[in-house]
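If you want the building blocks of each chain, they are given just below.
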Amino acid sequence: MNHLRSPARWWIPASGSGKAGLAIVIVVGAIALIGPLAAPYSPDATLSLPYAPPSAAHWLGLDFLGRDVLSRVLHGGLTVVFYAGVATIAAYLVGLPMGLFAGYRRTWRETVLMRSTDVLLAFPALVLLILLSTAAGPGMVGILIATTIIQLPPIIRIVRSATHEQSVRGYVEAAVARGESTLAVLRREILPNIARSLSADVGLRFSWSVLLIASVNFLGLGLRAPASDWGLMVSENRGSIAANPAAVLVPAALLGALTLGINLLGDALTGGKK
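Residues numbered from 1 in each chain as written. Predicted model: local features only at pLDDT ≥ 70, side-chain atom pairs only at ≥ 80, totals over all residues. Heavy atoms only, no water.

Draft legend 1. Region of the structure containing the overall build of the protein chain. Within the protein chain, the secondary structure is distributed over 9 helices and 0 strands. Reading the helices (α) and strands (β) of the protein chain from amino to carboxyl end gives α-α-α-α-α-α-α-α-α. The C-alpha extent of the protein chain, read off along each of the three principal axes, is 75 × 45 × 25 Å. Summarising the internal contacts of the protein chain: among those between residues at least 6 apart in sequence, 72% fall at separations of at least 24. For the protein chain, the exposed surface amounts to about 13200 Å²; the carbon and sulfur share of it is 70%. (Helix = DSSP H or I, 4+ residues; strand = E, 2+ residues; numbered from the N terminus. Contact = heavy atoms within 4.5 Å. Areas by Shrake-Rupley, 256 points an atom, 1.4 Å probe, with all protein chains shown as cover.)

Draft legend 2. Main features of the pattern of salt bridges. Applying the stated criterion across every chain, the model contains 11 salt bridges. Arg-157 is paired through a salt bridge with Asp-118; the nearest N and O atoms lie 2.7 Å apart. One end of the pair, Arg-157, is in helix H5 (residues 140–167); the other, Asp-118, is in helix H3 (residues 108–121), and 39 residues separate them in sequence. When its relative accessible area of 29% is taken as the criterion, Asp-118 is described as partly exposed. One salt bridge connects Arg-178 with Glu-189, and the closest N-O pair in it is separated by 3.7 Å. (Salt bridge = Lys/Arg side-chain N within 4 Å of Asp/Glu carboxyl O. Buried < 20%, exposed > 50% of the residue type's maximum accessible area, 1.4 Å probe, protein only.)

Draft legend 3. Molecular detail of the layout of surface pockets. As a volume, the largest pocket reaches approximately 220 Å³. As for the largest pocket, its lining consists of 13 residues, of which Val-25, Gly-203, Phe-206, Ile-262 and Leu-265 are closest to the centre. Elements that contribute at least two residues to the lining of the largest pocket include exactly helix H1 (16–38), helix H7 (182–218) and helix H9 (246–269). In terms of residues, the lining of the largest pocket owes the most to one element, H9, which gives 5 residues. Each pocket or cavity is described by its volume, and for the second largest pocket that value is around 160 Å³. Contributing elements (two or more residues each) for the lining of the second largest pocket: H3, helix H4 (125–136), H5 and H7. In terms of residue count, H5 provides more of the lining of the second largest pocket than any other element does, 4 residues in total. A class-by-class count of the residues in the lining of the second largest pocket yields 10 nonpolar, 1 polar and 1 charged. (1 Å grid on protein atoms, 1.4 Å probe; cavity = no way out; pocket = protein on both sides within 12 Å on 5 of 7 lines; lining within 4 Å. Points joined across faces, edges and corners; volume = space filled by probe spheres on them. Nonpolar A, V, L, I, M, F, W, Y, C, P; charged D, E, K, R; others polar.)

Draft legend 4. Fine view of helix H2 (residues 69–104). Relative to the 52 Å expected for 36 residues at 1.5 Å per residue, H2 spans 51 Å between its end C-alpha atoms, a close match to the ideal helical length. At Gly-95, H2 shows its largest kink, close to 30°, and the proline Pro-97 lies no more than four residues downstream. (Expected span 1.5 Å × (residues − 1). Bend = angle between axes of the 7 residues up to and from the residue.)

Draft legend 5. Spatial organisation of the packing of H3 against H5. At a minimum axis distance of 9 Å, the contact between H3 and H5 shows a crossing angle of 135°. In terms of their interaxial angle, H3 and H5 are classed as oblique. Regarding H3 and H5, the two cross each other, and that crossing is left-handed. Residues Glu-110, Leu-113, Met-114, Thr-117, Asp-118, Leu-120 and Leu-121 of H3 form the contact with H5, whose participating residues are Ile-149, Pro-153, Pro-154, Ile-156, Arg-157 and Arg-160. (Axes fitted to C-alpha atoms, helices over the stretch in contact; angles between N-to-C directions. Parallel < 35°, antiparallel > 145°, perpendicular 65-115°, else oblique. Left-handed = near helix turned anticlockwise from the far one by under 90°.)

Structure representation (structure tokens):
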């Protein structure tokens, strides 16, 4: 369609910061997804004395139970990417249609919906996550449900705002004049034109999901030992960080790098940085 604002390769950043963000995401994503295949040991195997320093056999040393830190790092990213991805996809599956209809059909239902999102936004995210996950019961199912609910208000607001901006454009009015249904207008005219801004927001929601899920795992409310997870690794080994700093610093650095890379990429896609 000739009214589309985004080029076919809009997802490839042109700025230096965007390319750096994309490279970081690819590297950390490869570690998370392919890492288990390259792990030299089982992540649960006790190999020697706890907190043994790095050596030729154990490049990052051993953790508080004598397990190979490198193997646990290579296994620990998969849970981060998987659970954060599931929460982000679930939140967008619910929030996208709600935001589209709220932005296009501005009725009293929109007012009720937006005031409801304001109530959720008033609570600190981590506090709300702890409350919701506690109410849902132990385990990752409750954490995923809670993370999805927390991500809904910003998704709905962003989609609604972008939809409202597009709904007054001439090509939308022309589609309505042709007699196209609301669903057809949203799917064919509006959604393709807000895809670029939404793609950046998807990255932001994913990074938020990573931080939220890593935080609850750090607090011991999500995954439990002996699971391999970067957030859980930081929690397990933080008490003796001086004995083997790599057991804490490496998973923490990977979490930080993943968040940084996604934010740089998202910022570049929306034209925030050159």
